[in-house]
Amino acid sequence: GLTKVTIPNSVTDIYSCAFRECDNLQNITLSDNLIGISNQMFSGCVDLTSITIPKCVAKVGDKAFANCENLSEIIVDENNTNLCSDNNVLFNKDKTELILYPSGKVEKEYVIPDSVVSLNNYAFYGCKNLGTITISKNVAKIGDRLFENCSNLTCLNYNAINCLSRGNEIYTGT
């Protein structure tokens, strides 16, 4: 099967699910001019361990890396003005929005930084290694199906003081 993909710099947009279920895909080089990573674009790419997000990407869609159970490293180009990564977790640039915690990270525990006010839909999708997650006091919005398929999640420390919006089915599959 397909193991390596290089998307030329002439490409700025790719449809949803474009590489979905490419089980053997291990290496992806994205276009420097790509403006977004669509919903489920790489869903099911189980051999993918690392992704580098280029400078022009402004948005990462829902479940873009769902079922990428070996994805443990997210790197964001330092010139990206919209996104950043911290300890391989994807955030918006000012770290107020947690976009994606990669499901292949081996840590058993994660504390959401105090700067975070919003947790994206599916942000922890399929994180089977996590047993404990601490939600910081400043979280005001929790996205849909936040902890879907987090089968080993046994402890949720919920410290949010003024959570104004809670998504649907946030514990599905836990």
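In this convention, every chain numbers its residues from 1, walking through the sequence in written order. Side-chain atom pairs in this predicted model are given and counted only at pLDDT of 80 or more, local residue features only at pLDDT of at least 70, and totals for whole chains, interfaces and linings cover all residues. As a convention, hydrogens and water are excluded, and side-chain values are obtained from all of the structure's heavy atoms.

### Quick look at the overall build of the protein chain
Phase 1 of the analysis: When its secondary structure is counted, the protein chain shows zero helices and 15 strands.
Phase 2 of the analysis: Against the 2.2 N^0.38 benchmark of 16 Å for 174 residues, the protein chain shows a C-alpha radius of gyration of 15 Å, consistent with a compact globule.
Phase 3 of the analysis: Along the longest, intermediate and shortest principal axes, the C-alpha atoms of the protein chain span 45 × 30 × 25 Å.
Phase 4 of the analysis: The 174 residues of the protein chain split such that 45% are buried. Under the DSSP-based scheme used, a helix requires at least four consecutive residues in state H or I and a strand at least two consecutive residues in state E, with every element numbered from the N terminus. Restricting the calculation to C-alpha atoms gives the radius of gyration, and the globule rule supplies 2.2 Å times the number of residues raised to the power 0.38. Three exposure classes are used, based on accessible area relative to the maximum for each residue type with a 1.4 Å probe and protein chains only: buried under 20%, partly exposed in between, and exposed over 50%.

### With respect to the pattern of salt bridges
Phase 1 of the analysis: What makes a salt bridge here is a side-chain nitrogen of Lys or Arg within 4 Å of a carboxyl oxygen of Asp or Glu, nothing more. Enumeration according to the criterion identifies four salt bridges in this entry.
Phase 2 of the analysis: Across the pair K95 and D86 runs a salt bridge, and its minimum N-O distance is 3.2 Å.

### Section: the packing of aromatic side chains
Phase 1 of the analysis: For Phe, Tyr and Trp, rings pair up if their centres lie within 6.5 Å, where Trp contributes its six-membered ring, and each pair is then called stacked (planes under 30 degrees apart), edge-to-face (over 60) or tilted (otherwise). Scanning the entire structure with this criterion turns up seven aromatic pairs.
Phase 2 of the analysis: Site record: aromatic cluster; members linked through ring pairs are Y101, Y110, F124 and F147.

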